[in-house]
Amino acid sequence: MKRLTVRKDTYFDSVFLMLATRGIKALPGVAEAVVAMATPMNVDLLAGLGFPKEELAGLSPNDLVVAIDADTDAVLDDATTAAFDALKRKSGTGAAAGNRTAASLASGLALAPDANLVLISVPGTYAAREARKALDAGMHVMLFSDNVSLDDEVALKTLASSKGLLMMGPDCGTAIINGKPLCFANAVRRGNVGIVAASGTGLQEVSCLLDRFGSGVSQAIGTGGRDLKNAAVGGRTSLLAIRALAADPATSVIALVSKPPAPDVAKTVLDALRSAGKPAVAFFLGMPPAADEERIAYASDLEEAALLASLLAGGADGPMQARALMLEDSGNDHYNKPRPSRIDELAADEARRLSPAQRYLRGLYTGGTLADEALFLAHAQLGGVRSNNQTDPAWLMADPFRSEGHAIVDLGDDAFTSGKPHPMIDPAARAERIVQEGADGETAVILLDLVLGYGSHPDPAGACAPAIRAARAAATSRGGYLPVVASVTGTPADPQGYSAQVAVLEAEGVVVMPSNVRAARLAIAIAKLAQGGRA
Amino acid sequence: MNNTAINELFSKPLSALNLGLQSFADNLAAAGAPVVHVDWKPPAGGDTAAMAALDRLAAGARVDIEAANAEAVRRILSAKPTVTGIGLALDTVPGMATDLILHSGPPVAWKDMCGPMRGAIMGGLIYEGLAGTPEEAERLASSGTIRFDSCHHHDAVGPMAGVMTAHMPVWIVENKAFGNTAYCTLNEGLGKVLRYGAYGPEVIERLRWMRDELAPVLSEALAARGQLDMKTIIAQVLQMGDEGHNRNRAGTSIVIRELAPFIVALDRPRDQLAKVLSFLNANDHFFLNLTMPSAKCTVDAAAGIEGSSIITTMARNGTEFGIRLSGLPGRWFTGPAGVVDGLYLPGYGPEHAARDIGDSVITETSGIGGFAMAAAPAIVKFVGGSPADAVNVTLRMYEITAAENDAYQIPALDFRGTPTGIDVRKVVDTGILPAINTGIAHKDPGIGMVGAGLVKPPENAFRDALIAFADRYAK
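(A) Geometry of the overall build of chain B. Broken down by element type, chain B carries 16 helices and 17 strands. By the compact-globule yardstick of 23 Å for 475 residues, chain B fits well, its C-alpha radius of gyration being 23 Å. Taking the principal axes of the C-alpha coordinates as reference, chain B spans close to 80 × 45 × 45 Å. Expressed as a percentage of the 475 residues in chain B, the buried residues total 63%. A separation threshold of at least 6 residues defines the contact pool for chain B, and within that pool the share at least 24 residues apart is 72%. With the model as given, the accessible surface of chain B reaches about 15900 Å², and the carbon-plus-sulfur share is 51%.

(B) Focus on the state of the cysteines. This structure, assessed with the given rule, holds zero disulfides over all chains. C464 of chain A carries a free sulfur, and the closest cysteine sulfur to it, the one in C208 of chain A, is 17 Å from it. Looking at the unpaired C114 of chain B, the closest cysteine sulfur is the one in C151 of chain B, lying at 14 Å.

(C) Quick peek at the interface of chain B and chain A. Chain B puts 60 residues into the contact, and the matching count from chain A is 65 residues. Both faces combined, the contact of chain B with chain A buries some 5400 Å², and carbon together with sulfur accounts for 65% of it. The interface formed by chain B and chain A contains four salt bridges. K133 of chain A is the salt-bridge partner of D429 of chain B, the closest N and O atoms lying 3.3 Å from each other.

(D) Summary view of the packing of aromatic side chains. All names here are of chain B. Evaluated as defined, the whole model comprises 10 aromatic pairs over all chains. Look at W171 and F286: their rings are 6.1 Å apart centre to centre, the planes differ by 80°, and that puts the pair in the edge-to-face class. Here W171 is found in strand β6 (residues 169–175), whereas its partner F286 is found in the loop between α11 (270–281) and α12 (288–300), with 115 residues between them in sequence. Accessibility expressed as a relative area gives 1% for W171, which makes it buried. With a relative accessible area of 1%, F286 lands in the buried category. Ring centres of W209 and F279 lie 5.1 Å apart, and the angle between their planes is 65°; this geometry places the pair in the edge-to-face category. Of this pair, W209 sits in helix α8 (residues 201–225) while F279 sits in helix α11, placing them 70 residues apart in sequence. Of the two residues, W209 and F279, both sit in the buried class.

Definitions and cut-offs
Residues numbered from 1 in each chain as written. Chains lettered and ligands numbered in written order. Predicted model: local features only at pLDDT ≥ 70, side-chain atom pairs only at ≥ 80, totals over all residues. Heavy atoms only, no water. Helix = DSSP H or I, 4+ residues; strand = E, 2+ residues; numbered from the N terminus. Rg over C-alpha atoms; globule rule 2.2 N^0.38 Å. Buried < 20%, exposed > 50% of the residue type's maximum accessible area, 1.4 Å probe, protein only. Contact = heavy atoms within 4.5 Å. Areas by Shrake-Rupley, 256 points an atom, 1.4 Å probe, with all protein chains shown as cover. Disulfide = S-S within 2.5 Å. Buried area = accessible area lost by both parts, 1.4 Å probe. Salt bridge = Lys/Arg side-chain N within 4 Å of Asp/Glu carboxyl O. Phe/Tyr/Trp six-rings, centres within 6.5 Å; stacked < 30°, edge-to-face > 60°.

These results come straight from atomic positions and should not be treated as a statement about function.
Here it is, written out as structure tokens:
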């Protein structure tokens, strides 16, 4: 059936009418629709479509016609209403004016002429091109993307060095520049410690602990994992960063965190630290600390690195005095909690209810550096720990998805993240793994890290709490007890809130330690007791 | 190794650009840092050969591409298109002959032509008296005795099918700054017209009237008035709500104002003059056939500059979309003509649409049309519905152009010059294709315009052109 509705002397531009026609034609049950001005041509067309000629007579080109052919009256009613609504509606969905989005790097620079840093997280194949363009434009670069070739990294860093620009990354997950968090970073108090770090969660742990100890960060510069480790890259970014921090009046202490550098690179970078004219702390993960120098303290773990830096930043006169302030009887108990003796008590308390079958440590990590820190400690103390991060092939996990013996798993490893978000963003895979370890009667203790801050999951504790509950219940049902030990890398100012996250874990019976290294020590102590052949 | 730039960064507020994950921009904004998020897309749509071409050019070229482009842009901006008169195609258009029919877009053989193009050619043959019936015309067209060529090979442009035959009157538009000339037929109006492939008796009759009365009247009036400075008029129409391609109401009005006093003063029968003025008044797009040759002679002046990556031709023939680069003269790079995303006249829909056709995209090539969308609020429904959408279309075109026009300005953008001089490197790099406004022809010959809208040109034409450009100029 056909219906004509006319609004006399109501003019609409033809484009609005065509748009309305298109919308009405798409409605279910509408066979034909014309929304148009009653020009002679359109009147002829409507007559041709079979609309009543008598109704069309006498219309003028200034009259609006809504002509609809549909199966039922209801559809006719709805379609007619919809046609007038479509004409009435002023678009509120147009692109918002004044939004800060650009279509290309070049136009972004035009939009923000004061821009000084470009953050790049595009797929690796394209990342080097974009970074080069940014450097060419005189911008500092933070390159989050991985899968950038070594050649490209060397070329980019050579270009950056020649221009004196900061080239953080590739594969740089975190930095804090001028107090602003880049990618995965925590809301850390500003202060006078400058950090240069080749590792992501290492930088996060040190910066958060500095905040905890009452100190703060002037700048935290990520370099990417290969910067010091690979001789070809030669620490180009680290060297430039150390120089900049040496010249920075807001920085009074420099902290360097990295995996062991290539030998030649180590010498160059330590020389740079020595000539910085400021006290420094160096921590090379997986390497026994060297003897302190006059101005460089060598830390044995991330917490100690933060502790030494904090004490030096607070006015300690060199490494020797800083170390004196860390001694158990120094009166600075604030910095050394819980003490080793207390950790032993906690371990004994947790291990007391283990069943004889429970023997092994299972560390489930989201942070790669945190996993490594725990792994080196545990591997030495437990007589061998399997891991997907193991450098010793004999101890490399045969199947990273299944733990055997003592195991520390880095769930941020490529084996787990191909096609999936990183567990710091989506903790679901780790929650499943917690349940899996809980179902294993040999698990004596589960060790966890929780990394807060910008970029991380909004509630990592809440995301693994049900899994912890299930794992512990499973152990209890077998007549045992499952200790869960964790540390939370975060600050009170982080979006997730440090205390709130700790409270969620403690409500599940998790023993929360103030740092990753202390959590690892407690878990190791529990595992040792489990190994100790209780009667 | 100098660290002062880094220390300068430490001493100033952080202001970041973010390419990639939007959440990193959101985090920075939440932490109070100014940040601009870049809506990043893989360059060249991830096409490795095109990306390699970009990199080769970036690594070093045998000529100074930037200087070559600056020269191309200088020529485009300093062009002075001027309507000098009306002539017969055979007498004025270079290479025109009685056995030659020109058409829009890149060269195309009869067997590959779309419906409207074939219909227009059949109509052209009837108009020339070379065929008596459509059947005869079709036989003749496919016989091989009639030659076909692209308008662009003869300094000409034509809307839609763009068919030009020997005895059609043409506008003569001279670029006074460089002495080159462009030609275009006169606009026939809407409805059943040759350019949309119609060839019925009323079409032929109108074409003959245009030759016998309209052209002489306009020609005499123009001679009496003096030459028309098109640059000034186009600059004005952009301030009056036209964008120079799909909306021509202001331009047509200006031309009527300019010519009417001289038309009515001609020593010709009153009814003849009245018919001419009524014809102009009834045809909103009359001005388009003046804008097109103006744009054509403007960009032609920039053709053939060694090392320039500026696009000097974009054109469609209903089968293929083609472009030519300044630095690669004579070479067409083509891809399949697109389907227009458009709005339709009552009674028609996408099922009736022919593929993208016509030389009118020369307006975009010269920096108006879709590139000046922000100037034409009346037709924003073509680009999303709101004036802000139209502004965004124009803003995006600055991403792929080398200059801002010093004569053509957009009131809504605080009189910023229109984006002008399309650089094929930028098109491929950003993946932003030129915004092209266009009319939609019925796919069958003889029906006419069924709508209008926006068309997406084929990306491969731009990539192929870039790769050829890199082959020629990269070190």
